[in-house]
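Listed here are the chains, written in short residue letters.
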Amino acid sequence: MTENPSTRRRVLRPSGLSVFAGLVVFVGVIWWLYADRWVERGVENTGASLTGARVDVDAADLRPTEGIVRLTGLQVANPDQPMKNLFEAESIVGQVRIDPLLQKKVVLERVEVLGVRFGTDRSTSGALENPDPAAGALWREIDAWADAIEVPELSLDALTGVVRTEAISADSLATVRFARDALLRVDSLGDSWDERLERIDPRPRIDSVRAVVERLEQFRLTPTTALQLPGLLRDGRSSLESLTSLQREVAALDDSVRTALAGVVPTAERLAELRTRDLAYARSLLDLPSLEAPSVSPALFGGTALSWMRPMLYWARTAERFLPPGLDPRNRPGPRRARAEGTTYDFRRGAEWPAFLVEQGDVTLSIDGRGAAAGAYTATVRDLTTTPAAWSEPTTILIGREAGPSSIQLAASLDHTGDVLRDSLELVVRGLELPAVSVSAFGGSLSLGVGDQRVSARRVGDEISLRLEWSSDDISWQGAGVDTTASLAVGSADWGRGLVQRAVAGLERIELTVGLDGSISSPSLVVESNLGGTVAASLRREVGREIEAAENRVRAEVAAQAAPHVERLEGEVERLRAGVAEEVGSRRAEVEAMRARLEAQIEALVGGAQTEAKSSTTDRRSASRTQW
Amino acid sequence: MYWIVKFIQSLAKALNSEGTPGQVAAGIALGACLGLTPLVSLHNLLIVGLILFFRVSVPGATLGWMVFTPVGFALDPVFHALGTALLAESSALRPLWVALYNMPVVALGNPTNTIVIGSIVGWVVGAVPIFFGARAAVAWYRATIYERYRDARLFRAIRASKLYGAYRLFRPPS
């Protein structure tokens, strides 16, 4: 059957095809005219959501036929310092694969980034009017973590005045609280034992046994009473079993008393532990400085270390956010439009290409200025993707130095291909001009001069270990000059500055390590430095005697407040133990005595019965012989 | 006000045009897709192609678009919920979404967005009732109201597309 052409003409409108073609051409022309602008806006918006600060691009040039995209004048603002750029790049040229673009995937076969500079000034603020809420929430979380970390203080004020022990409150001493609690338990145990003693009162059972014993004692075995003997013996043995049961109950009570009291009385180790806690508490009230090196280093550099670690933690967590592990579908807000945005799901399992991939990126970096780090560097990035699990190759970053007096080596691997993140980074820079480190405890700063920097980071799953190590032979103290020969009041600011000045002067090399350890959501801060040990030794040498005397006074005060409570506890325990022992002893003695009487009577009756039985047998034999 | 006038013009053109009630209804059903789903989407280019290539009523499609655009905005929460149920909560459909997500050109249409997929499914489900409802309504209109008032001055004016010009003459100075 052939189709009627007139019917087809009624259904189709051939002229509409040319109108549609015209429309498609029109859309194509519009896209051609505005594609560069859209790429520019896309980079700016994506970059802003990634960094939490403004990203500006001077111009974008898209050449779809050649698969090339070129960005010039890229500036990425620093979210912490809006008037500074995190970095800027003169030009970025990317070779884009066309096939993945048709799947809405951006795959850059090769990227060349030229003229990267760090920390440059901005003419306008880089703060966002409406920052990404997720980035803001992350910063708030990290700020909360930083606020929760207690950086120890190195205050020498307590050495200058009289040590006032009035602040030590007995209610706050762990030993006193323990003794009070234990006393309450002793009272409660005393009541409980009185009740149990009453419950196993042996008097009725002893009276009953006594009655049986007396019946046994009064019994005289004759031929007429012989028939009562089995009943009496049965009663006697039953009473004996009752006494045995009573003895077991009394013994169990005795054991229970001893065990419970042993649990209440503090051991020597427990008392020592409580005393240590009380001393730490009392010391904290008096701000006596610890002279141990592990405490001095965090006190000297803790605040500075926290300020360095905050951004590092932020970027570590941001890497997780934008390079998530695993292949489960992810969701993100849909495109901005007049209609609701909805949620766009990324189904990554089985995807031929990741949503974003840089197969190879070559970056030319330059650090301006006359510093030791100034110079030209080259970096290579491979397999950088937002869907690591779909690409199965870990991201690697390598940086080498092309020119300049210092050396730099960086190797990083971000393995997000499995469900468990495995990241590692090792950066070694030699001959770098290190920054000055503020030491607020002594009102100055420590210039580290030119030295070496090593950054190492390792992450497996949620566990992170991050270290930033600086070492330098070129250190000096920056602050108000102090006449180190003058006699200064111990603990005064000048005295403190002088002390650090002398410690630094005697130090040939400084090594400072700050880092993070533990869960990425709440890691602990690590601060170590040989300067801490040197300052601690100087402090011990110069103020050791004062601190020792102050500590002795604190120790004596703590002991004076705690001792009466412990003594009272020990007295109460002893009183209870003695009382219960006496009660239990008297019960036990009474039961033992009754048992002895009963056993003797039973034995006597059994013996008498056997003798009587023998004599009866002899009499019957004699009688029978006579009859015979 | 401009849009109200344009709407009345479209309404009149669609209902009074020479197309059959079926052509007008098909136009309205296809135009409903433009109104119910996000307009700047790849699938709507295809819909426009269908409207132009098939002999359906273009004024009818315009009318469908205008009528269903506010409906689309109002139903966005429903479309989002429907899209979420289909995309995230139905494991049986997962292979289909993966295939669409990775399909060249189709992936550019954002097929895994809850609003897009929810509204397309909503339109597909509603297209047949819209078509038959519109066809019956147009037939009834032409047999009754249009027959009665076809020579009325107002109808003639609208048919001649003069109403907007008249409105411009009398609108208050801005």
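Parameters and conventions
- Residues numbered from 1 in each chain as written.
- Chains lettered and ligands numbered in written order.
- Predicted model: local features only at pLDDT ≥ 70, side-chain atom pairs only at ≥ 80, totals over all residues.
- Helix = DSSP H or I, 4+ residues; strand = E, 2+ residues; numbered from the N terminus.
- Buried ≥ 20, exposed ≤ 12 C-beta atoms within 10 Å, placed from the backbone.
- Contact = placed C-beta atoms within 7 Å.
- Core = buried A, V, L, I, M, F, W, Y, C linked by C-beta atoms within 7 Å.
- Nonpolar A, V, L, I, M, F, W, Y, C, P; charged D, E, K, R; others polar.
- Pairing = 2+ DSSP bridges.
- Axes fitted to C-alpha atoms, helices over the stretch in contact; angles between N-to-C directions.
- Left-handed = near helix turned anticlockwise from the far one by under 90°.

1. Topic: the overall build of chain B
Thinking step 1. A tally of helices and strands in chain B yields eight helices and zero strands.
Thinking step 2. Traced from its N-terminal end to its C-terminal end, chain B shows the element sequence α-α-α-α-α-α-α-α.
Thinking step 3. When burial is assessed residue by residue, chain B has 37% of its 174 residues classed as buried.
Thinking step 4. Sequence separation of 24 or more characterises 84% of the internal contacts of chain B that already satisfy a separation of 6 or more.

2. Quick notes on the overall build of chain A
Thinking step 1. Looking only at helices and strands, chain A has 13 helices and 18 strands in total.
Thinking step 2. The buried share among the 628 residues of chain A stands at 25%.
Thinking step 3. Sequence-distant contacts in chain A: of pairs separated by 6 or more residues, those separated by 24 or more amount to 68%.

3. Concerning the nonpolar core
Residues and elements named next belong to chain A.
Thinking step 1. The biggest cluster of nonpolar side chains holds 36 residues, and the ones touching the most others in it are Leu300, Phe301, Leu446, Leu448, Val500, Val514 and Val535.
Thinking step 2. Secondary-structure elements contributing two or more residues to this core are α10 (293–322), β11 (422–433), β12 (436–439), β15 (463–472), α12 (493–505), β17 (510–519) and α13 (530–627).
Thinking step 3. The biggest single contributor to this core is α10, with eight residues.
Thinking step 4. Setting aside residues no more than four positions away along its own chain, Val535 makes contact with Val296, Leu300, Val500 and Ala503.

4. Comments concerning the interface of chain A and chain B
Thinking step 1. Every contact between the two is made by 26 residues of chain A and, on the other side, 29 residues of chain B.
Thinking step 2. Examining the composition of the side of chain A that touches chain B, we find that five residues originate from one element, helix α2 (residues 14–51) of chain A, more than from any other.
Thinking step 3. Class assignment for the residues of the side of chain A that touches chain B results in twelve nonpolar, seven polar and seven charged.

5. Here's the deal with the sheet that holds β12 of chain A
Residue and element names in this part refer to chain A.
Thinking step 1. Judged by pairing direction, the sheet is antiparallel, and its three strands sit side by side in the order β12-β13-β16 without closing on themselves. Strands at the two margins of the open sheet, each flanked by one partner only, are β12 and β16 (476–478). Across the sheet, the axes of successive neighbouring strands diverge by a mean angle of 30 degrees, strand direction being ignored.
Thinking step 2. Sheet topology note: the strand β13 (residues 444–447)/β16 ladder contains three bridges and is antiparallel. Bridge pairing in β16 places Ser445 opposite Gln478.

6. Remarks on the environment of Trp308 of chain A
All names here are of chain A.
Thinking step 1. Relative to the helices and strands, Trp308 is located in helix α10.
Thinking step 2. The sequence separation of Trp308 and Gly515 amounts to 207 residues, and the corresponding C-alpha distance is 9.1 Å.
Thinking step 3. Not counting the four nearest positions on each side in its chain, Trp308 is found in contact with Leu468 and Val514.

7. With respect to the packing of helix α2 (residues 21–36) of chain B against helix α6 (residues 114–149) of chain B
Residue and element names in this part refer to chain B.
Thinking step 1. Their axes nearest at 8 Å, the elements α2 and α6 cross at an angle of 145 degrees. The element α2 and its partner α6 pack so that their crossing is right-handed. Along its contact with α2, which presents Pro21, Gly22, Val24, Ala25, Ala26, Ile28, Ala29, Ala32, Cys33 and Leu36, the element α6 presents Ser119, Gly122, Trp123, Gly126, Ala127, Ile130, Phe131, Ala134, Arg135, Val138, Ala139 and Arg142.
Thinking step 2. Of the residues assigned to the contact of α2 with α6, the class counts are 16 nonpolar, four polar and two charged.

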